[in-house]
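Summary of structural features
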Amino acid sequence: MILLFLAPIPPAHAVDVENLFSVEVTLDDEAEDPRDAAYKTALIEVLTRVSGSALSTNEEAIDELFPVPSAYVTQFRLGAEGTLRISFDGEAIETVLRNAGQMVWGRDRPLTLIWLAVDW
């Protein structure tokens with residue numbers, strides 16, 4: 001076991017994650033305003049990618065930080081089979097998150113992530 005810890009560890013390389021702020025969501029035809037509902041759903045997915053699941057599951061915090069999700073939309077277009085492809089202003093979203101003291105993950109992500117659990 002000690003030899004394992006003393007073995008040289010190769011350097012970790014990062015991967016640049018593309019399209020962090022672009023999401024394709026299904027339009028809910030039964031919603032009062034399907035496009036606004038899609039914007040909010042897409043924003044929650046973007047926040048999960050950028051800040052983690054703790055914020056993305058707190059709907060009150062999202063409503064407080066992003067009261068009008070459409071204000072952060074830079075582009076949208078209809079996709080196949082009732083979907084909407086939405087791109088958000090990444091810099092604006094990151095600024096809001098940082099100003100609120102929320103965690104922001106950058107585009108550089110580890111290529112390999114290991115979760116090691118030891119059961120004593």
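Anything mentioned here points back to the structure above.
Now for a look at the structure at hand. It should be emphasised that the depicted structure is a prediction, and the values quoted were computed from it without experimental measurement.

Attention now goes to the side chain of Glu94. Residue position: Glu94 is located in helix α5 (residues 90-99). For Glu94, the contacting residues outside a window of four places in its chain are Phe21, Val50 and Val104.

This part covers the packing of helix α2 (residues 34-51) against α5. Where α2 contacts α5, the axes come no closer than 12 Å and their chain directions differ by 65°. Regarding α2 and α5, the two cross each other, and that crossing is right-handed. Only Ile93, Glu94 and Leu97 of α5 make contact with α2, whose side of the interface consists of Leu43, Val46, Leu47, Val50 and Ser51.

Right, let's get into the sheet that holds strand β3 (residues 73-78). Reading across from one edge, β2-β4-β3 is the order of the 3 strands in this open sheet, with antiparallel pairing throughout. Both edges of this open sheet fall to β2 (22-26) and β3, since each of them pairs with a single strand only. Along the sheet, successive strands turn relative to each other by an average axial angle of 20°, direction set aside. Where β3 and strand β4 (residues 83-88) come together, 5 bridges link them in antiparallel fashion. Within the sheet, the bridge partner assigned to Gln75 lies in β4 and is Ser87. Running at roughly 55° to β4, α2 makes contact with β2, β3 and β4 of the sheet.

Although it is not a glycine, Glu81 adopts a positive phi angle of roughly 55°. The residue Glu81 is located in the loop between β3 and β4 in this model.

Below, the discussion takes up the nonpolar core. Core analysis: the largest hydrophobic core is formed by 25 residues, its most contacted members being Leu47, Phe66, Ile86, Phe88, Ile93 and Leu97. Every element with two or more residues in this core is listed here: β2, α2, α4 (59-65), β4 and α5. Looking at this core element by element, the count peaks at 7 residues for α2. Once you skip the residues sitting within four places of it in the chain, Phe66 turns out to touch Leu43, Leu47, Tyr72, Ile93, Val96 and Leu97.

Overall, the coordinates contain 4 salt bridges when judged by the stated rule. Between Glu59 and Lys40 there is a salt bridge, with the nearest N and O atoms lying 3.3 Å from each other. With Glu59 in helix α4 and Lys40 in helix α2, the pair connects residues that are 19 residues apart, well separated along the chain. On the basis of relative accessibility, which here comes to 23%, the residue Lys40 falls in the partly exposed class. The partner of Arg49 in a salt bridge is Glu45, with the nearest N and O atoms 3.1 Å apart. Note that Arg49 and Glu45 are positioned in helix α2 at a spacing of 4 residues, about one turn of the helix. Several salt bridges converge on common partners, so that one network encompasses Lys40, Glu59 and Asp63.

Calculation notes
Residues numbered from 1 in each chain as written. Predicted model: local features only at pLDDT ≥ 70, side-chain atom pairs only at ≥ 80, totals over all residues. Heavy atoms only, no water. Helix = DSSP H or I, 4+ residues; strand = E, 2+ residues; numbered from the N terminus. Contact = heavy atoms within 4.5 Å. Axes fitted to C-alpha atoms, helices over the stretch in contact; angles between N-to-C directions. Left-handed = near helix turned anticlockwise from the far one by under 90°. Pairing = 2+ DSSP bridges. Core = buried A, V, L, I, M, F, W, Y, C linked by side-chain atoms within 4.5 Å. Buried < 20%, exposed > 50% of the residue type's maximum accessible area, 1.4 Å probe, protein only. Salt bridge = Lys/Arg side-chain N within 4 Å of Asp/Glu carboxyl O.

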